[in-house]
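As a plain string of letters, each chain reads:
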Amino acid sequence: MASEFEIVTRPHAKNLVAWAKDKPRVVVLSADLTTSCEADTFRDAYPDRFFSMGMAEQNMMGFAAGLAREGFFPYIHTFAVFITRRPFDQLAMSIAYPNLPVRFIGFLPGITTPGGVTHQAIDDIALMRIVPNMTVLEVGDATEVESVLDVAQSINGPVYVRMLRGQVPRLFRETEPLQFNHARIVSQGSDVTILSSGICTEEALRATRALATKGISLHHSHISTHKPFTDPRVLAALHAPRYGVVTLENHLVTGGLGSAVAEMMAEHGIGKKLVRLGLRDEYAHGASREYLMKKYGLDAMALVRAVEQLMGERFGLSEEDLAAVRLTQVHSAAKAEAL
Amino acid sequence: MQAASSAWQAHTQRVAQNIRRRVLDYVIRNNGGYLSQACSGAEILATLYTRIMNLGPSRAPMIPAPFPGVPSAHNPNFFNGALYNGAPEPHRDRFFFSPAHYALVLYATLIEVGRMSPEGLELFNQDGSTVEMIGAEHSPGIETTTGSLGQCLSQAGGVALARKLKGETGRVWVMLSDGEFQEGQTWEAFAALAFHKLDNVGVYVDVNGFQCDGKMDTVMQIEPLHARLESFGAAVYEAEGHDMEQLAALATLAHASKPLVVLARTDPAHGIEILRARAPKYHYVRFQDETERAQYRDWLEEMNVIDTS
């Protein structure tokens, strides 16, 4: 089956080079995952602005801090787990405390890698959300990969970017770039509000289109700014639904999008049911993305079940019905890249 | 050392002795503090500030201002303590102070070299003050927040790399404590300094051989430090850490394409002999009773007599 969406190969690799061309103070720091993080093109184009720091993430944080203090804009490229877990104290004390403009480009979000528990960042948004001064962004498609750097660069302070690599679908028009703290309203409706982020938005689109055929009225917004989480469009979407709210994220349901939504609903006295879909207090393991999304309930069918739960009825949708609106098969063919 | 042979040595020696005396005075009045760090580090800091570092005049108030709030995008009033070391200028040196627990010793140093007023020390560890017990980057003389030990050298390395990229000629001086060699990050940092050939970095290490739990070789061995550092690609020299002529001379040695390291072998009770009774628990002094406190008061009075005679 042909994909409905264009698939862009290595969008960050191409975009980073073009974007950094006229920004001489932008430097890239890498910890032995340069090609794996699509920074090889930058290294080759601007060797004087690329610094190999080896497998030494704690030290890399300090070097980035020092460069930022002197007026440079370090773009740290490595896997999300090696930004948010291993050097957490260095990230907090050397960079976040002094509010330095270091940009963390973290790859392999959640279960997007078969690399298993050591490589799967299932808690990175939670860890970055609790860091004072930190801004937290996540991309969901190629257009956002290509526009997130502009947003990150506009922030006075450190920014964590949950990035995608490899073959990335283009869900949103190139003329509609990622905007800071601004949800993308994908569809309007009054029965249930669905908030999705990252790769889960593609899954949500499969589900919402199938549900629409059953006459369900859904609001669906795609979230790309996790912190700050103060978008009035999101607040309005939480007030709106008759039956409740569903969040769908490629992350633990604690500390990420589901938690942020729960906090916003509680703080604004929105007394509606909330179903949080995502990993539930457990680690994942090494397997394919499709297998893991199904196993841990991050896929379109999990979303259908959540909407059914909120509305108290069954819509009789099968996997075949969801497959019929399946947006892409390309991911299943994408081979795992170097870990 | 007692017979200083020229004007600078006499001056630097006096600064060192006054650092020790001022810290002891404060510890007696406060009934506690980081005293051993003054004993071991006084000559290192005195020599760095009076002889080695090319710093501009202080741009900060003689009496430190109240805490201005933490750095953030919404706090334009944030103040960086490095302004006590002068404004950052391309040809000037920069100072990075890693063992933040030595803050009291650094504050005393700033007073003795005329960058802070003695009244500033009365703000030490007071609520709402920047003269904090374990200094952070708003504290006098401190540019980066390093109380989580082992993080300073990496940050200084980034500054040194940036200064090379910008073609600045000033050097980057770092004071480290030997305990920080137990942190893996310190070795990561030395590997990176050597790999990126950051020869604009000079590191003075207070090798006093003691840490919070006691004697370092009973807690976790870091020796042979000299050989280890050389194998990491640094230019390494040893100094008797209370000999200011040695400390100053080593700063001038060539170390092309390598970071310079001076291992200043120091005595954690230097100049305050009665402190030796507390070995190996040197890290923080809290007097057991008024009798012990009186002994230290007597020692301070004797130091004062010697200095004024």
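In this report, we go over the structure that sits alongside the text. No experiment lies behind these values; they were computed from the predicted model shown.

### A closer look at the interface of chain A and chain B
Accessible area lost on assembly of the parts is the figure often given for the size of an interface.
Line of reasoning, step 1. Chain A puts 26 residues into the contact, and the matching count from chain B is 33 residues.
Line of reasoning, step 2. Both sides together, the interface formed by chain A and chain B hides about 2,300 Å², and carbon and sulfur atoms give 56% of it.
Line of reasoning, step 3. When the area that chain A buries against chain B is broken down by residue, the three leading residues are Phe63(A), Glu70(A) and Tyr97(A), summing to 30%.
Line of reasoning, step 4. At the boundary of chain A with chain B, the tally comes to three salt bridges.
Line of reasoning, step 5. Glu70(A) is paired through a salt bridge with Arg94(B); the nearest N and O atoms lie 2.7 Å apart.
Line of reasoning, step 6. Where chain A meets chain B, there are 16 residue pairs in polar contact (both at pLDDT 80 or more).

### Re the sheet that holds strand β3 (residues 201-207) of chain B
Residue and element names in this part refer to chain B.
Line of reasoning, step 1. Ordered in space as β1-β2-β3-β7-β6, the five strands form an open sheet in which the pairing is parallel. At either end of the open sheet lies a strand with only one pairing partner, and these are β1 (94-97) and β6 (235-240). Going from strand to strand, the sheet's axes swing by 20° on average, the running direction of each strand aside.
Line of reasoning, step 2. One ladder, built from six bridges, connects β6 with strand β7 (residues 260-265); its direction is parallel. Directly across from Ala235, in β7, lies its bridge partner Leu260.
Line of reasoning, step 3. Most of the contacts of helix α2 (residues 36-52) go to β3, to which it runs at about 155°, and overall it touches β1, β2 (172-177), β3 and β7.
Line of reasoning, step 4. Packed on one face of the sheet, helix α4 (residues 152-165) meets β1, β2 and β3 and runs near 170° to β2.

Rules of the game
- Residues numbered from 1 in each chain as written.
- Chains lettered and ligands numbered in written order.
- Predicted model: local features only at pLDDT ≥ 70, side-chain atom pairs only at ≥ 80, totals over all residues.
- Heavy atoms only, no water.
- Contact = heavy atoms within 4.5 Å.
- Buried area = accessible area lost by both parts, 1.4 Å probe.
- Salt bridge = Lys/Arg side-chain N within 4 Å of Asp/Glu carboxyl O.
- Polar contact = N/O pair within 3.5 Å; in protein donor to acceptor, adjacent residues only side chain to side chain.
- Pairing = 2+ DSSP bridges.
- Helix = DSSP H or I, 4+ residues; strand = E, 2+ residues; numbered from the N terminus.
- Axes fitted to C-alpha atoms, helices over the stretch in contact; angles between N-to-C directions.

On their own, these measurements won't tell you what the molecule is for.
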